[in-house]
Amino acid sequence: MALSGPKASFADDNISFSGPPPLWSGGPAPGKLYKFPGSHSSASMPGRQRTTHPIVTGTSVLGVRFDGGVMIAADTLGSYGSLARYRNVSRMMKVNKHCMIGASGDIADFQHLKETLQSIVITDSECGDEPMTPPSLFCFLTRLFYNKRTKMEPLWNNVVVAGFHEGKNFLGLVDKIGVAFEEISVATGYGAYIAQPIMRKTLEDHGGILTQAEARELLVRCMRILYYRDCRGHNKFEIATVTPEGSNVEEAITVTTDWSMSHMVRGYE
């Protein structure tokens, strides 16, 4: 038998050992930390993640001013990717008597935004403060979205703000990075490419002034066209109106459609 340091070998029995056996099969070596299966080191773990791919989304919101108020429209579809999953999702919110918003984009982020605004409304009411005016709501949303974007945690929404204040109608749009503007007609999503040119042409033909009935007819026509052209669109939608008397969200309506000429469409197979 020959010994050499801590390692011993028995020539006769052909046995060798190099230290104590592990505490259990696949377990840690004595004096060392155990790395559990499937675990990651802190260096390899990803940082805090933000919304970059919204899951349930809503498409276009349209808005137009008319003589004596503002009108906005949005369908009630919540799309789960390309699946028309939720068909009764309201994307409108009545903030107070003279303020209304409609949002496209991530539904979860819009729910968070609604909770934030509801909290502000309750706080103002309890403290006896004046309710938010459309310009102040517009300014708040601009700062909120820009602040979220700066922190790299944007609210994945484009919001249309409609209201009536001091004898004037108000219509503005705030996008997810805080870019904001006011206009006589606005549109988000695919509506910015399909519906906005139609609304601008109609306003131009009427000298920039529409009646309430003309504004409603225009929005219904645009929503029908969007249903034909936008694969995330839906033929069931809500229309909200803000006038000096107050704001109101109508019950969702369903427009009739005609697909008799669909067989003539080519190039999209």
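In what follows, the structure referred to is the one given above.
Residues numbered from 1 in each chain as written. Predicted model: local features only at pLDDT ≥ 70, side-chain atom pairs only at ≥ 80, totals over all residues. Heavy atoms only, no water.

Peer 1: Mind showing me how you'd approach empty space enclosed by the protein here?
Peer 2: Over the atoms, a rolled probe matching the size of one water molecule traces out where space is still vacant. Enumeration according to the criterion identifies one cavity of 30 Å³ or more in this entry. By volume, the largest cavity amounts to about 40 Å³. Lining the largest cavity are T59, S60, D75, M223, L226, Y227, D230, G233 and H234. Considering each element in turn, the lining of the largest cavity owes the most residues, three residues, to helix α4 (residues 212-229). (1 Å grid on protein atoms, 1.4 Å probe; cavity = no way out; pocket = protein on both sides within 12 Å on 5 of 7 lines; lining within 4 Å. Points joined across faces, edges and corners; volume = space filled by probe spheres on them. Helix = DSSP H or I, 4+ residues; strand = E, 2+ residues; numbered from the N terminus.)

Peer 1: Whenever I open this one, the packing of aromatic side chains confuses me. Can you help?
Peer 2: Describing an aromatic ring pair means giving the distance of the ring centres and the angle of the ring planes. Throughout the structure, instances matching the rule amount to four aromatic pairs. Between Y227 and W259, the ring centres sit 5.9 Å apart and the planes meet at 80 degrees, which makes this aromatic pair edge-to-face. Highlighted residues: Y227 in helix α4 and W259 in the segment after β17 (253-254), separated in sequence by 32 residues. Seen in terms of ring centroids, Y228 and W259 are 5.0 Å apart; in terms of plane orientation they differ by 80 degrees. Their pairing is edge-to-face. Remark: W259 occurs in the segment after β17 and Y228 occurs in helix α4; sequence separation between them is 31 residues. Owing to a relative accessible area of 30%, Y228 belongs among the partly exposed residues under this scheme. For W259, a relative accessible area of 42% gives the class partly exposed. Among the aromatic residues, ring-to-ring pairing joins Y227, Y228 and W259 into one connected group. Between the NZ or CZ atom of K176 and the centre of the ring of W156, over which it lies, the distance is 5.3 Å. (Phe/Tyr/Trp six-rings, centres within 6.5 Å; stacked < 30°, edge-to-face > 60°. Buried < 20%, exposed > 50% of the residue type's maximum accessible area, 1.4 Å probe, protein only. Lys NZ or Arg CZ within 6 Å of the ring centre and 35° of its normal.)

All quantities given are derived from atomic positions and should not be read as evidence of function.
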